Amino acid sequence: MNTHSVSIHGLIMSANPAEATGLEYALLGFLSRQPRHGYDLHKELSNLEGIGLVWHVKQAHLYALLDKLENRGLVTSQVIASDTYPPRKEYKPTQAGIQAFEKWMLSPVEHGRELRQDFLTKLYFARLQGGDTAGRVVEAQREFLFDLQARLENKDKHLSDSQSFEKQVYQFRIKQIRAFIDWLDTCLMEY
């Protein structure tokens, strides 16, 4: 379980996917850069030269996520009138939303199944902040994975021959982690 947390209106919110999804944090990341309308956020999320390589979201689902973030006090909205468009809601993060996003971005991903989307989302926004931030995100993930690899290798070492399926599962996970660490090593050369 992730031990990183931030206080929001007296509630404790951990940087944990059970409380917010990587996609919700991606929305907070975009809004932390500048306030936006839902339509503009959808265009940004659909950009196949950026985060659209990682996330695919329908516009209706995006609005539901924005409502959820607003209900949790992580974003606020206001209706903006225009002479050329119908009134539209513009969203911006609260201070709690910005803090939650920053904590999440700088925390390593703890589960292999979340590496593809959540880590790549963290890396995307860390790169936007600059090489130092991206390097810190990559290094924190590397350190976490080295520790996880050691724990899994220790468990694997203590399995008996009769536990062949368990051994295969542990070896599969260990090899996945090694491959991810190799990729992170390549990423570190850029920062």
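Just so you know, these numbers come straight off a predicted model, no measurement behind them.

Student: Even after reading the chapter, I still don't get the pairing of strand β5 (residues 88-93), so can you show me in this structure?
Tutor: Successive residues of a regular strand alternate their side chains across the two faces of the sheet. Inspection of the sheet shows strand β3 (residues 36-37) paired to β5 by two bridges, in the antiparallel sense. Counterpart to arginine 36 in the pairing with β5 is tyrosine 91. Relative to β5, strand β4 (residues 75-80) runs antiparallel, the two being bridged by six bridges. The residue bridging serine 77 from the neighbouring strand is tyrosine 91, located in β5.

Student: I'm lost on the environment of tyrosine 39 in this one. Help?
Tutor: With respect to the helices and strands, tyrosine 39 occurs in helix α2 (residues 38-46). For tyrosine 39, a relative accessible area of 41% gives the class partly exposed. Residues tyrosine 39 and aspartate 182 lie 143 residues apart in sequence; the distance between their C-alpha atoms is 38 Å. Beyond its immediate chain neighbours, meaning those up to four positions away, tyrosine 39 contacts Gln59 and Tyr63.

Student: Honestly, helix α5 (residues 115-129) in this entry has me stumped. Any pointers?
Tutor: It helps to recall that an α-helix has 3.6 residues per turn; residues three or four apart then point in one direction. With 15 residues, α5 should reach 21 Å at 1.5 Å per residue; the first-to-last C-alpha distance of 20 Å fits that figure. In this structure, the buried residues of α5 make contact with α1 (22-33), α4 (95-106), α6 (131-157) and α7 (164-188). Immediately beyond the C-terminal end of α5, within one or two residues, lies glycine 130, with a positive phi of roughly 125°.

Student: Would you explain the packing of α5 against α6 in this entry?
Tutor: The packing of two helices is summarised by the inter-axis angle and the distance between the axes. Between α5 and α6, the shortest axis-to-axis distance is 7 Å and the interhelical angle comes to 150°. With respect to α6, the element α5 is oriented roughly antiparallel. Across the interface between the two elements, Leu115, Phe119, Lys122, Leu123, Ala126, Arg127 and Gln129 from α5 touch Thr133, Ala134, Val137, Val138 and Gln141 from α6. In the contact of α5 with α6, the residues fall into seven nonpolar, three polar and two charged.

Thresholds applied
- Residues numbered from 1 in each chain as written.
- Predicted model: local features only at pLDDT ≥ 70, side-chain atom pairs only at ≥ 80, totals over all residues.
- Heavy atoms only, no water.
- Pairing = 2+ DSSP bridges.
- Helix = DSSP H or I, 4+ residues; strand = E, 2+ residues; numbered from the N terminus.
- Buried < 20%, exposed > 50% of the residue type's maximum accessible area, 1.4 Å probe, protein only.
- Contact = heavy atoms within 4.5 Å.
- Expected span 1.5 Å × (residues − 1).
- Axes fitted to C-alpha atoms, helices over the stretch in contact; angles between N-to-C directions.
- Parallel < 35°, antiparallel > 145°, perpendicular 65-115°, else oblique.
- Nonpolar A, V, L, I, M, F, W, Y, C, P; charged D, E, K, R; others polar.

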